[in-house]
Amino acid sequence: MSILIPFEKDLDKASPNRNIAPLTTEIDSEERLCVGGVSLSSLAKQYGTPLYVLDELTIRKSCKEYCDSLKKHYPGKSTALYASKANSSLVLSSIIASEGMGIDVVSEGELITAIKGGVPSNKIVFHGNNKSISELRLAYDNDVIIVLDNQYDIKQLANIVKPGERKARLIVRFTPGIECHTHEYIKTGMIDSKFGFNADELESIFIQFKKIEWGNIIGLHAHIGSQIFEVQPHRDLADVMVKILEVGRNYGHPIDILNVGGGLGIKYTSSDDPPSINSWVKVVSESLYEACENRSQKLPLLMCEPGRSIVGTAGLTIYSVGSKKEIPGIKTYLAVDGGMSDNPRPITYQSKYSTCLADRPLLSGNKRVTIAGKHCESGDVLLNDVLIPDCNGGEILVVFGTGAYNSSMSSNYNRIPKPASVIVSKSNADLVQRRECPEDILRNDILPDRFIAKD
Ligand code: LLP
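Residues numbered from 1 in each chain as written. Predicted model: local features only at pLDDT ≥ 70, side-chain atom pairs only at ≥ 80, totals over all residues. Heavy atoms only, no water.

**What about the site of the ligand?**
Argument step 1. Around the ligand, the structure places 19 residues, and the nearest of them are Ser-226, Glu-305, Arg-345, Tyr-349 and Tyr-405.
Argument step 2. Measuring from an oxygen atom of the ligand, one finds a backbone N or O atom of Gly-263 at 2.9 Å.
Argument step 3. The contact in question runs from an oxygen atom of the ligand to an N or O atom on the side chain of Arg-345, over 2.6 Å.
Argument step 4. Starting from 590 Å² of accessible surface for the ligand in isolation, the protein chains cover 92%.
Argument step 5. Partitioning the shell around the ligand into residue classes produces six nonpolar, seven polar and six charged.
Argument step 6. Two domains each provide a minimum of three residues to the shell around the ligand, namely domain 1 (11-55 + 314-440) and domain 2 (56-311). (Near = heavy atom within 4 Å. Polar contact = N/O pair within 3.5 Å; in protein donor to acceptor, adjacent residues only side chain to side chain. Areas by Shrake-Rupley, 256 points an atom, 1.4 Å probe, with all protein chains shown as cover. Nonpolar A, V, L, I, M, F, W, Y, C, P; charged D, E, K, R; others polar. Domains from an automatic or database assignment.)

The structure is reproduced here in structure tokens:
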């Protein structure tokens, strides 16, 4: 089957983001699909469905590929950060820390998860276009690098850092005016974006900061967008960033970090063909090196912030198949026990996924079906028009590539509890997020006395 791409020894071909399935995917002697040495149907039996499954080896392989490629291609210092908005949990923070990477966070919740998971605070970068005062205080108190997104951040921080206290470490985010081909909602680099300063405001920020005592501008940040397959936008970005770096340094700011954001795409379906992590890093590194050479600038520390390409293809979701509705001459709906609450991407971005049956992965499809969720919304469809073997209620269906922006974007729509998550490695599975129960959802409801029926 096309989804089963064998583990490749060649670094470029084995890049996790170029494989739909996790790298440890195999078929056991009973022809069941296994990941991390564990059969997916046995996980369904043990933990129930829907279930998020993460493959530890694939995550670690992505982290290593980012770190090794940066060392190989960039002659200066570098730090790879994991953009934890893709999937934030204690176990992922701990893996990231043990791989020597840093982390990018955008809220108090993500920040606490990173710290508790063991990521050193000097390797945490705090983003956000509307940070609260308590979030900024938490970030400053932990000596986290703070990304200045707008004047409101500057105003708030000025009240947080007291005279004589340690200076805040700041990176200035700006919109580089670079277009890329991806979904409208996940483009961020163009001029019309809610994030960051406009490039033409930066000189005045540099002037403003000459008089500011409470913080140092130590870096610049730009992020172009997400699920990008082209490398040209990042090639262009290097030049734009180094131009601004030069201006900032000329104003006397100790700018020694350029953070080029994330954005590398992953393979969701067989028609997707993203560049490998290694080739993306090579382009980013070489173009930054060249841009610095051209402007005679000392090489800054190169930071990048991948999210999707670290965890996306390491994850999959297993569902139980339930009801079937055949509309003669139109289509057949096969419903699963999850849907838009555990994976809002198809309904939000019309995202495509690949699927197969956990215990019959090798049987080629003979039934064209639409895999629907169980939510009360007609658009709650996970996969449109896919070929799978004729299938009965109770069978386990696998949706690949759900490691990024599924759990982190999940909701309780229709008061459906969120799935559990397990991590698999070396024939072992560990529960890393408990399944919610209806009581968890009810926990924050309050029924004031006057609404309680009296007899
Ligand atoms: N850095 C910044 C500042 C970002 O805004 C993002 C993603 C990243 C890094 C990581 O980008 P990645 O490497 O994951 O492409 N919910 C959408 C994706 C939104 C991306 C938001 N920002 C989706 O499901 O496709």
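**Let's talk about the pattern of salt bridges**
Argument step 1. Inspection of the entire model under this criterion finds 20 salt bridges.
Argument step 2. For Lys-367, the salt bridge goes to Glu-326, with nearest N and O atoms at 3.9 Å. Note that Lys-367 is positioned in strand 17 (residues 367-372) and Glu-326 in strand 14 (residues 315-327), a separation of 41 residues in sequence.
Argument step 3. Using a relative accessible area of 28% as the deciding quantity, one classes Lys-367 as partly exposed.
Argument step 4. With its nearest N and O atoms 2.5 Å apart, the salt bridge here joins Arg-443 to Asp-440.
Argument step 5. The exposure class of Asp-440 is partly exposed, given its relative accessible area of 24%.
Argument step 6. Because the salt bridges share partners, they merge into one network encompassing Glu-56, Arg-60, Lys-64 and Glu-99. (Salt bridge = Lys/Arg side-chain N within 4 Å of Asp/Glu carboxyl O. Helix = DSSP H or I, 4+ residues; strand = E, 2+ residues; numbered from the N terminus. Buried < 20%, exposed > 50% of the residue type's maximum accessible area, 1.4 Å probe, protein only.)

**As for unusual backbone geometry**
Argument step 1. Across the junction of Thr-49 and Pro-50, the peptide omega takes the value -10 degrees, indicating a cis bond.
Argument step 2. Positive phi, normally seen in glycine, also occurs at Gln-350, with a value near 55 degrees.
Argument step 3. In this fold, Gln-350 is placed in the loop between helix 11 (345-349) and strand 16 (355-357).
Argument step 4. Its identity as a non-glycine residue notwithstanding, Tyr-405 has a phi of 55 degrees, on the positive side.
Argument step 5. Within the secondary structure, Tyr-405 is located in the loop between strand 19 (396-400) and strand 20 (420-425).
Argument step 6. The exposure class of Tyr-405 is buried, given its relative accessible area of 14%.

**A look at the layout of surface pockets**
Over the atoms, a rolling probe the size of a water molecule traces out where space has been left empty.
Argument step 1. Its volume calculated, the second largest pocket comes out at about 590 Å³.
Argument step 2. Elements with a contribution of two residues or more to the lining of the second largest pocket: helix 11, strand 16 and strand 18 (381-388).
Argument step 3. Among the elements that make up the lining of the second largest pocket, the one with the highest residue count is strand 18 (seven residues).
Argument step 4. Taken together, the residues that form the lining of the second largest pocket break down as 16 nonpolar, 12 polar and two charged. (1 Å grid on protein atoms, 1.4 Å probe; cavity = no way out; pocket = protein on both sides within 12 Å on 5 of 7 lines; lining within 4 Å. Points joined across faces, edges and corners; volume = space filled by probe spheres on them.)

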